[in-house]
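Residues per chain are reported as follows:
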Amino acid sequence: MIMTALHVFINELRIMRHDASPFVILFIMPSLALILLTPALGAIAREYGQASVTDSALSVPAMTVMFGSLGAAFVSFSIVRERDWACWSRLLTSAHSTVGIIGGKLLPPMGLVIIQQVLLVIIGAAVYGGLGELQAGAYIVGASFFAITITAFGLVVADMFSSLQKMNAVIHIGALLFASTSGAFIPIESLPFYVKYLLYISPGYWLVVYQKNALLGTLTLPTASISLSILSLQAFVFLAYARARLNCINT
Amino acid sequence: MLNIQQVTKRFGEISALNALTLHIQENQISAILAKNGAGKSTLMSLIAGLSQPCSGSIEINGLNRLDKKNTLELKKHIGFAAQNTGLYPMLSVHQNVYFFAKLHGLTHQQAKIRVEQLLKQFELTELTHRPCQTLSGGQKRRVHLAIAVVHRPKLLLLDEPTLGADIYAREAILNVVKDIAKQGTAVIYTTHYLNEIENLNAHIIIMDKGRVLHQASQRELQEKHNENAFYVDFTLPIAEKVAHILAHSTVVAAQRLHVKNHNNAHTIEHIVHAMGDFLPHIQQIKRHESSLENLFFTLTDSHSTAQPETVLVKTKPVMHPKKEPSLL
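Residues numbered from 1 in each chain as written. Chains lettered and ligands numbered in written order. Predicted model: local features only at pLDDT ≥ 70, side-chain atom pairs only at ≥ 80, totals over all residues. Heavy atoms only, no water.

A. Seen up close, the packing of helix α5 (residues 137-148) of chain B against helix α6 (residues 167-182) of chain B. All names here are of chain B. The interhelical angle for the contact between α5 and α6, taken along N-to-C directions, is 15°, at an axis separation of 9 Å. When the axes of α5 and α6 are compared, the pair comes out roughly parallel. Between α5 and α6 lies a crossing whose hand is right-handed. Side by side, α5 and α6 meet where G138, R141, R142 and L145 of the first sit next to A169, A172, I173 and V177 of the second. For the contact of α5 with α6, the class distribution of residues is five nonpolar, one polar and two charged. (Axes fitted to C-alpha atoms, helices over the stretch in contact; angles between N-to-C directions. Helix = DSSP H or I, 4+ residues; strand = E, 2+ residues; numbered from the N terminus. Parallel < 35°, antiparallel > 145°, perpendicular 65-115°, else oblique. Left-handed = near helix turned anticlockwise from the far one by under 90°. Contact = heavy atoms within 4.5 Å. Nonpolar A, V, L, I, M, F, W, Y, C, P; charged D, E, K, R; others polar.)

Here it is in structure tokens:
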């Protein structure tokens, strides 16, 4: 399984060398958005009485949840693309482990999402400061858990939608929903009451709760445990679904 | 090598395979001949393990295909080239073949040697570093096939492997398939090009409506179903009058006689000689032939528009007298 995952992972990297879109969407777009929108997000937060939170501690999680969610698109895309190229059946009949194939497919986007979150915190700190209390290790752990959850969600989307157009539409709406229900862009107090109940099933919300605290140096063990447990549970559900549905061959 | 018993596969209300039973031996090229929608690709997919039958059993090299614990072992035995060429377009020919060699568990050194060997065998050496998206249809087909045999499978499934290939690429693919079979691999080959089956001298499996109708060598099938007969065409409507001269003859039209050649009793010379005074009124003598194509049409209850006949004797047009000859 590990060897299969490794070979698929290397192959994915080879393919990515010919396609710059993940780098543009996951790195350049959120970096620009972070630089341009941080003052505005800070102003909105202060309007709602969140004066103690620095601008960077608001905008960095907002950008990570919004653009990190697009990591799911790259997983779905890599699977739908295999079907378009007629390589999926070949992969299933060649590889010794279907779980290995899925693992190999998940690793590159997962890595990109983690790198993205690290890059954004560096840019946020450099341009707007206010991250002096950053719990760096905890921040990377949170980024990793979110990367696993969101890429696993990409597998579910790949199973549900066979065309790239449908898949893209769903992923972009999903990213928007995750971001808007995370409380990062708009203070939770300002959201309609029913959205407040949806927050608790959004991976975005749990990422923002975790990362905001990690950025401000206020992350406690109970807060970290709850956020990471919920993200893990969601990842488990998505992976189990993908394992059952994408496993068209007996392995 | 492959033993399929009573396999049924349904897609909702549609029945793709109906209690299909099939046996394939080692060192044999078996060609599946069927109309579109007869279940060829479904059968290939089941053998490859890409889908599960609703009922029945599939045994490959003594291993039950449907038993999960055999899956890994069976992957080593089966090579599958689906109808559509499965290649990574932006990767080079070498990278494509090498990747699948590694997935099959070959070490770096083994994969390197095997890829070089295959590129040579499939005449792709000059294209080694070319991205697959820049290759022609025939070249892509060859890479596709090379990947299917990279792990030296004992059973090779080829679903229309020459689709879109030009005649040179087709010839190259057929030669490689013959070489692979000579090395002991059982090949299951589906195609709509009947001349390929004749070229491969393949064992023929005729499928229709999800069942195997006939399974035999080309010679056996033709011997069994070949109607050895002649057609004698006249310039005048005299078939009825002439019918009694030749044994086993039937009038099929006023100017046409069908002569069954029981135990090769008739030869052209015999027919010509027996005609006697009617000889000047013979327009032509044709042999009725059972080509693979006609055989297929006959066995699948379809109708061929082609005339299964070969003209053996053709006389010059005769000016007919207004009155029939007096001896008639």
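B. Representation of the sheet that holds strand β3 (residues 29-34) of chain B in the model. All names here are of chain B. Sheet architecture is open: six strands sit in the order β6-β7-β8-β3-β9-β10, paired in mixed fashion. Each of the sheet's edge strands pairs with one partner strand only, and the pair in question is β6 (78-81) and β10 (211-216). Adjacent strand axes in the sheet meet at a mean angle of 15°, parallel and antiparallel pairs treated alike. Here β6 pairs with strand β7 (residues 155-159) via four bridges, running parallel. (Pairing = 2+ DSSP bridges.)

C. Representation of the sheet that holds strand β5 (residues 63-64) of chain B. Residues and elements named next belong to chain B. If you trace the four strands from one edge of the open sheet to the other, you get β2-β1-β4-β5, paired in antiparallel fashion. Pairing within the sheet leaves two strands with one partner each, and these edge strands are β2 (14-24) and β5. With respect to the sheet, helix α1 (residues 40-48) is in contact with β1 (2-11), β2 and β4 (55-60), its orientation differing from that of β1 by roughly 120°.

D. Looking closely at the interface of chain A and chain B. In this assembly, 24 residues from chain A lie in contact with 33 residues from chain B. Both sides together, the interface formed by chain A and chain B hides about 2,700 Å², and carbon and sulfur atoms give 61% of it. Counting across the chain A and chain B interface gives zero salt bridges. Along the contact surface separating chain A from chain B lie six residue pairs in polar contact (both at pLDDT 80 or more). Counting residues per element, the ones that place at least two in the side of chain A that touches chain B are α1 (2-16) and α5 (88-94) of chain A. (Buried area = accessible area lost by both parts, 1.4 Å probe. Salt bridge = Lys/Arg side-chain N within 4 Å of Asp/Glu carboxyl O. Polar contact = N/O pair within 3.5 Å; in protein donor to acceptor, adjacent residues only side chain to side chain.)

E. Structural detail: the pairing of β2 of chain B. Residue and element names in this part refer to chain B. Direction of pairing for β1 relative to β2: antiparallel, over a ladder of seven bridges. From the neighbouring strand, N3 faces β2, where its bridge partner is H23. Between β1 and β2, which pair antiparallel and follow one another directly, the connecting turn spans two residues, one of which, G12, has a positive phi of 65°.

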